[in-house]
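Listed here are the chains, written in short residue letters.
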Amino acid sequence: MLATKTEEKDCATRAYSEGNETSWHMHAFGMEVMLTEGLLASRHRVADPRLADYFYVPVWGGCFMSRFSRPVPLHHDLNEFRHVDTQMRTPRAARTSELYRRALRHIAAAHPYWNASEGKDHLWSFPHDEGACLAPIELAPSVLISHWGRTQRHPPNHTTISAGHGWHTPPYFHQMYGREQCYTRGKDVLLPIYKSRPHVVASPYLTGKPTDRHALFNFRGNALNQPPHFSMGMRQQLFALFSNRDDACEKVNNADGCTLIGGHSRSFIDDIQRSTFCGVLMGNGWAHIEEPVIHGCIPVLLIDGIDVQLEGVLDVTKFSVRVPRDQLPKLLDILRAIPKAKVREMQGELAKVWERYTYSSVYKREYGLQRRAAALGRGGAGGGGMDAAALKARLGKIGAHERDKVFGPLEPRLRGRDAIGALVELLRLRL
């Protein structure tokens, strides 16, 4: 897949300049990329499969579905191509599901471990919009890792509005995990969406800069320009209830009011850091809890029947508020009624868990490699059995213009106890 990509950022969380300097990218489905790299470098990884408790299968289906399922550089869902290319008559979700199925056939034929456990000790990642809904039904016994915690049995629809991404399409969905359910509590795992390094470095937990949270509630995201099924109608309902009521949602931030913006905003992070509570609503699948947690805003979960990322791994009730849909008209009253002492308690819990919603272990490892390269430039030792000159050429350096893209003095504040570590700890507990 990487050999055929048309853009540098396709399926890559970072790139290197001519001087081998690190430039971090945002990649919506980067969880599977970071998970692969993090597990490869983990001290828990074993070279002898006979010693393994679990087996991770790196298919990169999110990358395939979003970027690499096209046979030509042009858009791969145009109607004219469907008439020319037989493969194009199959929706991308079904093609992606078949990619996982081919991987399953390979490992079941090439190795004894799948059949020995019936797949119960195998891990597969599904970072696309609606997660493991499109997983082949044969993977049902495995641990399926995604962002999408829809708990409904026999879900009757998909929510994506992206062309070709819908998994609930006859006759294909009958062979998918989603025909039964998309996520099984106690078996599957919900990991955070990948947030790039520049996003994480702005966290007040790293900068140490206090934030004046003078807005009660904040939500910014596509709502007014999307059809209702994009969010099961929740975003539209929220805006219908509050956006035109000056007594409920002021246009300016204030302690008793809220900020609602029905689209994207350049001040997105600043608005989160100015708010006490932040709405978490689904949209095209998912539900973005990462931004509020990373930036210290208490998540308000407005998603009935859907678990959020790391729910079941962490006790999210300690640092979030879940408001049922039938209570949505009372949302601001509910938030105002929470005692200040309870708010401070939840904010304290956020400070404990925020790094779990990042992939900081990969950041720290990259930074360590670059520091070794800098030491080599000053005449330090190479180590690792590699010639010093070869190691320096491989690692490169941190350039002056990259200093805002690396943590520098903030890096030691990261512990590296991130989402990958949370997954490993959970798997150990399950043993």
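Just so it is clear, the model here is predicted, and its values are computed rather than measured.

Q: Let's hear about helix α12 (residues 340-353): which residues, and what values?
A: Its 14 residues give α12 an end-to-end C-alpha distance of 20 Å, which sits within 8% of 20 Å, the value for a rise of 1.5 Å per residue. The complete set of buried residues in α12 reads Val 343, Met 346, Glu 349, Leu 350 and Val 353. The buried residues of α12 occupy one face: seen down the axis, they fall within an arc of 120°. Exposed positions of α12 whose direction lies more than 90 degrees from the buried face are Lys 340, Arg 344 and Lys 352.

Q: Break down the packing of aromatic side chains for me, with residues and values.
A: The full count for this structure, using the stated rule, is 10 aromatic pairs. A centroid spacing of 6.2 Å and a plane angle of 85° characterise the contact between Trp 114 and Trp 124, whose relative ring orientation is edge-to-face. Here the residue Trp 114 occupies a position in helix α5 (residues 113-117), and Trp 124 occupies one in strand β4 (residues 122-126), the gap between them amounting to 10 residues. A single burial state applies to Trp 114 and to Trp 124, both of which are buried. An angle of 80° between the planes, with centres 6.3 Å apart, marks the rings of Phe 319 and Tyr 357 as edge-to-face. In this pair, Phe 319 sits in the loop between β12 (306-307) and β13 (321-322) while Tyr 357 sits in the loop between α12 and α13 (360-377), placing the two residues 38 residues apart along the sequence. Each member of the pair Phe 319 and Tyr 357 is classed as buried. These aromatic residues form a ring-pair network of at least three members: Tyr 100, Trp 114, Trp 124 and Phe 126.

Q: I'd like to hear about the state of the cysteines, residue by residue, with values.
A: Considering all chains together, one arrives at three disulfides under this definition. The partner cysteine of Cys 133 in its disulfide is Cys 182, sulfur to sulfur 2.1 Å. Looking down the S-S bond of the Cys 133 and Cys 182 bridge, the torsion is 115°, so its handedness is right-handed. Of this pair, Cys 133 sits in the loop between β4 and β5 (143-146) while Cys 182 sits in the loop between β6 (149-150) and β7 (189-190), and the two are 49 residues apart along the sequence. For Cys 133, a relative accessible area of 0% translates into the label buried. Disulfide partner of Cys 278: Cys 297, at an S-S distance of 2.2 Å. One quick way to see it: the torsion about the S-S bond of Cys 278 and Cys 297 is about 100°, and its sign makes the bridge right-handed. On the criterion of sequence distance, the pair formed by Cys 278 in strand β10 (residues 275-280) and Cys 297 in the loop between α10 (290-294) and β11 (298-301) is long-range, its members being 19 residues apart. Taken as a pair, Cys 278 and Cys 297 share a single burial class, namely buried.

Q: Let's hear about the pattern of salt bridges: which residues, and what values?
A: In total, this model carries 20 salt bridges according to the counting rule given. The residue Arg 14 makes a salt bridge to Glu 366 at a minimum N-O spacing of 3.1 Å. Here Arg 14 is found in strand β1 (residues 14-16), whereas its partner Glu 366 is found in helix α13, with 352 residues between them in sequence. Residue Arg 14 shares its accessibility class with Glu 366, and that shared class is buried. Linking Glu 98 and Arg 105 is a salt bridge whose minimum nitrogen-to-oxygen distance equals 3.0 Å. For Glu 98, a relative accessible area of 25% corresponds to the partly exposed category. For Arg 105, a relative accessible area of 49% gives the class partly exposed. Three or more residues joined by partner-sharing salt bridges are found here, namely Arg 14, Glu 37, Arg 365 and Glu 366.

Q: Tell me about the packing of helix α2 (residues 61-68) against helix α4 (residues 92-110), and please be specific about residues and values.
A: In contact at an axis separation of 9 Å, α2 and α4 are set at 145° when each is read in the N-to-C sense. At the point where α2 passes α4, the crossing takes the right-handed sense. For the pair formed by α2 and α4, the contact residues are Gly 61, Gly 62, Phe 64, Met 65 and Ser 66 on the first element and Arg 92, Ala 93, Arg 95, Thr 96, Leu 99 and Tyr 100 on the second. For the contact of α2 with α4, the class distribution of residues is five nonpolar, four polar and two charged.

Q: Talk me through the layout of surface pockets; I want residue IDs and the actual numbers.
A: Within this model, the second largest pocket holds a volume of roughly 980 Å³. For the lining of the second largest pocket, the secondary structure elements donating two or more residues are α1 (31-40), β3 (55-57), α4, α5, β4 and α15 (419-430). If one sorts the elements of the lining of the second largest pocket by residue count, α15 sits on top with four residues. Its residues assigned to classes, the lining of the second largest pocket comprises 21 nonpolar, six polar and four charged.

Q: How would you explain the pairing of β11 if you had to name every residue and give the values?
A: Of the two faces of β11, the one holding Ile 298 and Val 300 and the one holding Pro 299 and Leu 301 are both buried throughout. In this structure, β10 lies alongside β11, joined through four bridges in parallel fashion. Within β11, the residue paired with Gly 279 across the bridge is Val 300. The sheet contact formed by β11 and β13 spans two bridges and is parallel. Among the inter-strand pairings, Val 300 is bridged to a residue of β13, identified as Val 321.

Conventions used here
- Residues numbered from 1 in each chain as written.
- Predicted model: local features only at pLDDT ≥ 70, side-chain atom pairs only at ≥ 80, totals over all residues.
- Heavy atoms only, no water.
- Helix = DSSP H or I, 4+ residues; strand = E, 2+ residues; numbered from the N terminus.
- Expected span 1.5 Å × (residues − 1).
- Buried < 20%, exposed > 50% of the residue type's maximum accessible area, 1.4 Å probe, protein only.
- Arc of directions from axis to C-beta.
- Phe/Tyr/Trp six-rings, centres within 6.5 Å; stacked < 30°, edge-to-face > 60°.
- Disulfide = S-S within 2.5 Å.
- Salt bridge = Lys/Arg side-chain N within 4 Å of Asp/Glu carboxyl O.
- Axes fitted to C-alpha atoms, helices over the stretch in contact; angles between N-to-C directions.
- Left-handed = near helix turned anticlockwise from the far one by under 90°.
- Contact = heavy atoms within 4.5 Å.
- Nonpolar A, V, L, I, M, F, W, Y, C, P; charged D, E, K, R; others polar.
- 1 Å grid on protein atoms, 1.4 Å probe; cavity = no way out; pocket = protein on both sides within 12 Å on 5 of 7 lines; lining within 4 Å.
- Points joined across faces, edges and corners; volume = space filled by probe spheres on them.
- Pairing = 2+ DSSP bridges.

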